[in-house]
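Remarks on the overall topology
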Amino acid sequence: MEILHSINDFNEAKQVIPGGVNSPVRAFGSVGGTPRFIARGKGAYIYDEDGNAYIDFVQSWGPLIFGHADAFIESALNLAIKDGLSFGAPTEKETTLVKQIMALSHHATEKMRLVNSGTEATMSALRLARAYSGKDDIIKFDGCYHGHSDSLLVSAGSGCATFGTPSSPGVPKDISKHTLVARYNDIDSVRACFETSKNVACVIIEALAGNMGFVPADKTFMHNLRTLCDEYGALLIIDEVMSGFRAGVQGAIGLYEVEADLVTYGKVIGGGMPLAAFGGRADIMDMLSPLGGVYQAGTLSGNPIAVSAGIATLSQIKAKAHLYEQLESLAKRLTQGLQSAAKDCQIPLQVDYRGSMFGFFFNEDVVKNFDDAKKSDTNMFARFHQKMLERGVYFACSQFETGFICAPMDEAMIDEVIAKAAQAFIEITHE
Ligand SMILES: *Cc1c(COP(=O)(O)O)cnc(C)c1O
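Residues numbered from 1 in each chain as written. Predicted model: local features only at pLDDT ≥ 70, side-chain atom pairs only at ≥ 80, totals over all residues. Heavy atoms only, no water.

Right, let's get into the pairing of strand E1 (residues 38–42). Relative to strand E2 (residues 45–48), E1 runs antiparallel, the two sharing four bridges. Along E2, the bridge assignment pairs Lys-42 with Tyr-45. Hairpin connection from E1 to E2: two residues lie between these consecutive antiparallel strands, with Gly-43 at a positive phi of about 60°. (Pairing = 2+ DSSP bridges. Helix = DSSP H or I, 4+ residues; strand = E, 2+ residues; numbered from the N terminus.)

Right, here's the structure in full:
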């Protein structure tokens, strides 16, 4: 496979953009090799600057549930662009989108605000939870990612259930000391956090963790978490930035049948444009400025072009009754196919899926938390990733990410990927 253009583009980018990329995972750091510079995408496929085609299981890290350059979204955008790109004044479309999100996702969200990124959504939800409760501390889970705001760039310190330490230079300890880090799927570690701090405003969680690889929470764990939050007077924030309209039309909240006080969305609701949202009970949300004193704002928040892409995406989701069943059957077919191809080569592979999300770990044991995930064979993952890339299959370039099925994929494409994976596993075992 010729990738000369990507190599040149990457070298040039590195001169002026740190690491050559505008988001670090894109640099292929954990798998090695050269990141492909993408020229265009159509449906399930992306095409790099050398003209190589790849079936794409990244889909812009989740947003593109209808694949690349979807005709319906494209025509909605073409119409919207003619009327101007941004006004910094309210538009009808914003209310339409918020009502659409709340009507489809069904849970107790009464009010919602639109922002530009998942990072902003979770950061704003935390501020609101702190204001509402009058408390400063928060609990997050090791391995869950909620964007890159200071309070959330915190990892477990000396052990779980302790106050965290900054996971990035530049995050002041004075901020990270307000974040306690618990172990995913371990309710005792959450209780221990509540006992360590009597000042917990909220717990934030990905109910379907997608940023340590794909690790679903146990249902009883989620219900116990809800109970524990109520017991200690803390709000529960469910971060659906990835799982919202991905795991199912009602997201993780629908699958677990557990209620959040605040919920965050992103990725799919923007259909590929920068758009995210946070919402929840009216008594909490009405604390936001201008009704209340909690400040939160954005020059481009609720941008009409992004909102139009969101409306077009959610309208299609609403119109396609069996969308998630179809996506899930492909996710199941793919993961089971990968697992059995790996098994034929005595390679242990743990797989899981919910709706259009899937994951696989090169791991002997079932993965329940970040400690388990870290025991995966990342070297094996890197080799597999490279071999699949060479065969025109674009999986996320890290063991600790989630894969995404999009609507234009079909069984034949999945079977082709499984056949290529089987070849890759055979090569790996003979090296
Ligand atoms: C992607 C993601 C975010 C961050 O969203 P950005 O738009 O990248 O800022 C937050 N939470 C979860 C669960 C995510 O997957």
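A pair can form between side chains of opposite charge whenever their charged atoms are brought close. Within the structure shown, the criterion is met by 21 salt bridges. We note a salt bridge from Lys-219 to Glu-257, for which the minimum N-O separation is 3.2 Å. Placement of Lys-219 in helix H7 (residues 219–231) and of Glu-257 in the loop between helix H8 (251–256) and strand E14 (262–265) is noted, with a sequence separation of 38 residues between them. Looking at Glu-257, the relative accessible area reads 59%, which means it is exposed. Among the salt bridges present, the one from Arg-333 reaches Asp-415, with a minimum N-O distance of 2.8 Å. Residue Arg-333 is located in helix H11 (residues 323–344), and its partner Asp-415 is located in helix H14 (residues 411–430); the two are separated by 82 residues in the primary sequence. Classification of Arg-333 as partly exposed rests on a relative accessible area of 32%. Asp-415 sits in the partly exposed class, given a relative accessible area of 32%. It is possible to trace a salt-bridge network through shared partners that takes in Arg-226, Asp-230, Asp-261, Arg-281 and Asp-283. (Salt bridge = Lys/Arg side-chain N within 4 Å of Asp/Glu carboxyl O. Buried < 20%, exposed > 50% of the residue type's maximum accessible area, 1.4 Å probe, protein only.)

Over its 14 residues, helix H3 (residues 92–105) runs 20 Å from end to end, which matches the ideal 20 Å to within 8%, given 1.5 Å per residue. The complete set of buried residues in H3 reads Glu-94, Leu-97, Val-98, Gln-100, Ile-101, Met-102, Leu-104 and Ser-105. His-106, located one to two residues past H3, shows a positive phi value of around 70°. (Expected span 1.5 Å × (residues − 1).)

All right, on to the site of the ligand then. Around the ligand, the neighbouring residues are Ser-117, Gly-118, Thr-119, Tyr-145, His-146, Gly-147, Glu-206, Asn-211, Asp-239, Val-241, Met-242 and Lys-267. Tyr-145 is positioned with one of its backbone polar atoms (N or O) 3.3 Å from a nitrogen atom of the ligand. Contact between the ligand and Asn-211: an oxygen atom at 3.1 Å from a side-chain N or O atom of the residue. Here the ligand has 380 Å² of accessible area as a free molecule, and 83% of this is covered by the chains. Of the residues contributing to the shell around the ligand, the split by class is three nonpolar, six polar and three charged. (Near = heavy atom within 4 Å. Polar contact = N/O pair within 3.5 Å; in protein donor to acceptor, adjacent residues only side chain to side chain. Areas by Shrake-Rupley, 256 points an atom, 1.4 Å probe, with all protein chains shown as cover. Nonpolar A, V, L, I, M, F, W, Y, C, P; charged D, E, K, R; others polar.)

A word on the nonpolar core. Across soluble globular proteins, nonpolar side chains show a tendency to be buried alongside one another. Counting residues in each nonpolar core, the largest one holds 108 residues, and the members touching the most others are Phe-57 and Phe-384. Counting residues per element, this core draws most heavily on H11, at nine residues. Discounting residues that sit within four places of it in the chain, Phe-384 has contacts with Leu-338, Phe-360, Phe-362, Phe-395, Ala-421, Ala-424, Phe-425 and Ile-428. Ranked by size, the runner-up nonpolar core spans 19 residues in total, among them Val-115, Leu-128, Leu-262 and Met-285. (Core = buried A, V, L, I, M, F, W, Y, C linked by side-chain atoms within 4.5 Å. Contact = heavy atoms within 4.5 Å.)

As summarised here, the arrangement of the three strands in space is E16-E17-E19, forming an open sheet in which the pairing is antiparallel. Each having just a single partner strand, strand E16 (350–354) and strand E19 (403–404) make up the two edges of the open sheet. Of the strand pairs in this sheet, E16 and strand E17 (residues 357–361) are connected by five bridges, and their pairing is antiparallel. Bridge pairing in E17 links Arg-354 to Met-357. In the packing of H11 onto the sheet, contacts are made with E16 and E17, and the angle to E16 comes to roughly 180°. (Axes fitted to C-alpha atoms, helices over the stretch in contact; angles between N-to-C directions.)

This part is about the UniProt feature "modified residue: N6-(pyridoxal phosphate)lysine" (unreviewed entry) in the protein chain. Within the UniProt annotation, "modified residue: N6-(pyridoxal phosphate)lysine" (unreviewed entry) is assigned to Lys-267. You can see Lys-267 is positioned in the loop between E14 and strand E15 (276–280). A residue is classified by how much of its surface remains accessible, and Lys-267, at 24% relative accessible area, is partly exposed. With sequence-adjacent residues up to four places away left out, Lys-267 is seen in contact with Trp-61, Gly-62, Pro-63, Val-241, Met-242, Gly-272 and Leu-275. (UniProt positions renumbered as here; feature names shortened; annotations may be inferred.)

Before going further, it helps to examine the domain arrangement of the protein chain. Here the protein chain is described as being made up of domain 1 (38–69 + 322–430) and domain 2 (72–319). Using C-alpha coordinates to define each centre, domain 1 is positioned 26 Å away from domain 2. Taken together, the contact pairs 31 residues of domain 1 with 31 residues of domain 2. Approximately 2,400 Å² of surface area, both sides summed, lies buried where domain 1 meets domain 2, with 61% of it carried by carbon and sulfur atoms. On the domain 1 side of the interface with domain 2, the three residues burying the most area are Phe-66, Tyr-324 and Met-357, jointly 24% of the side's total. (Domains from an automatic or database assignment. Buried area = accessible area lost by both parts, 1.4 Å probe.)

When you line up the elements, Glu-401 lands in the loop between strand E18 (393–394) and E19. Buried within the structure, Glu-401 lacks any salt-bridge partner; its nearest side chain of opposite charge belongs to Lys-267, at an N-O separation of 7.5 Å. Glu-401 has contacts with Val-25, Trp-61, Gly-210, Asn-211, Gly-213, Phe-214 and Ala-396, leaving out every residue within four places of it along the chain. (Lys, Arg positive; Asp, Glu negative; His and termini not counted.)

Neighbouring strands of a sheet are bound in pairs by backbone hydrogen bonds; such pairs are parallel or else antiparallel. One open sheet accounts for eight strands, arranged E4-E15-E14-E13-E10-E5-E9-E7; its pairing is mixed. The strands lining the two open edges of the sheet, one partner per strand, are strand E4 (111–115) and strand E7 (162–163). As paired elements, strand E5 (residues 137–141) and strand E9 (residues 179–182) share four bridges and run parallel to each other. Paired with Phe-141 across the strands is Ala-182, a residue of E9. Each of E5, E7, E9 and strand E10 (200–205) is contacted by helix H6 (residues 187–196), which is oriented at about 155° to E9, the strand it contacts most.

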